Amino acid sequence: MFDHIAGKVRRAPLWVQKAGFEWLWRMLMEPRRLFWRYFTTNPRALYALLRYSQ
């Protein structure tokens, strides 16, 4: 958050934000730092979403 406010890290384009893919934009901009976070948590979230939704 502070990097965005300070202008060190750019935010995703507006169309990416509206599409809900800002997380993908961030991972592409900082793959070394964010890859393992998203690689381990996104499949769990997708599983929970599919398992418990009707």
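Whatever comes next refers back to the structure up there.
Residues numbered from 1 in each chain as written. Predicted model: local features only at pLDDT ≥ 70, side-chain atom pairs only at ≥ 80, totals over all residues. Heavy atoms only, no water.

**Regarding the packing of aromatic side chains**
Under the definition given, this model contains 2 aromatic pairs. Note on Phe 21 and Trp 23: the rings are 6.4 Å apart at their centroids and 50 degrees apart in plane angle, and the pair reads as tilted. On the accessibility criterion, Phe 21 (43% relative accessible area) is partly exposed. Among the residues examined, Trp 23 registers a relative accessible area of 33% and is labelled partly exposed. On the basis of an interplanar angle of 75 degrees and a centroid distance of 5.1 Å, the ring pair of Phe 35 and Trp 36 is categorised as edge-to-face. The class for Phe 35 is partly exposed, based on a relative accessible area of 33%. (Phe/Tyr/Trp six-rings, centres within 6.5 Å; stacked < 30°, edge-to-face > 60°. Buried < 20%, exposed > 50% of the residue type's maximum accessible area, 1.4 Å probe, protein only.)

**Observations concerning the packing of helix 3 (residues 22-29) against helix 4 (residues 31-52)**
Following both chains from N to C, one finds helix 3 and helix 4 inclined at 140 degrees, their axes separated by 7 Å at the closest point. Our classification of the angle between helix 3 and helix 4 gives oblique. Together, Trp 23, Arg 26, Met 27, Leu 28 and Met 29 of helix 3 and Pro 31, Arg 33, Leu 34, Phe 35, Tyr 38 and Asn 42 of helix 4 make up the contact between the two elements. Residue composition of the contact of helix 3 with helix 4, by class: 8 nonpolar, 1 polar and 2 charged. (Axes fitted to C-alpha atoms, helices over the stretch in contact; angles between N-to-C directions. Helix = DSSP H or I, 4+ residues; strand = E, 2+ residues; numbered from the N terminus. Parallel < 35°, antiparallel > 145°, perpendicular 65-115°, else oblique. Contact = heavy atoms within 4.5 Å. Nonpolar A, V, L, I, M, F, W, Y, C, P; charged D, E, K, R; others polar.)

**Examining the pattern of salt bridges**
By the definition in use, this model includes 2 salt bridges. In this structure, Arg 11 and Glu 22 form a salt bridge, with 2.9 Å as the shortest nitrogen-oxygen distance. A residue pair is termed long-range when its members are at least 10 positions apart, and Arg 11 in the loop between helix 1 (2-6) and helix 2 (14-19) and Glu 22 in helix 3 qualify at 11 residues. A relative accessible area of 46% places Arg 11 in the partly exposed class. Owing to a relative accessible area of 18%, Glu 22 belongs among the buried residues under this scheme. One salt bridge connects Arg 33 with Glu 30, and the closest N-O pair in it is separated by 2.9 Å. For Arg 33, a relative accessible area of 46% translates into the label partly exposed. Taking the relative accessible area as the measure of exposure, Glu 30 reaches 23% and is therefore partly exposed. (Salt bridge = Lys/Arg side-chain N within 4 Å of Asp/Glu carboxyl O.)

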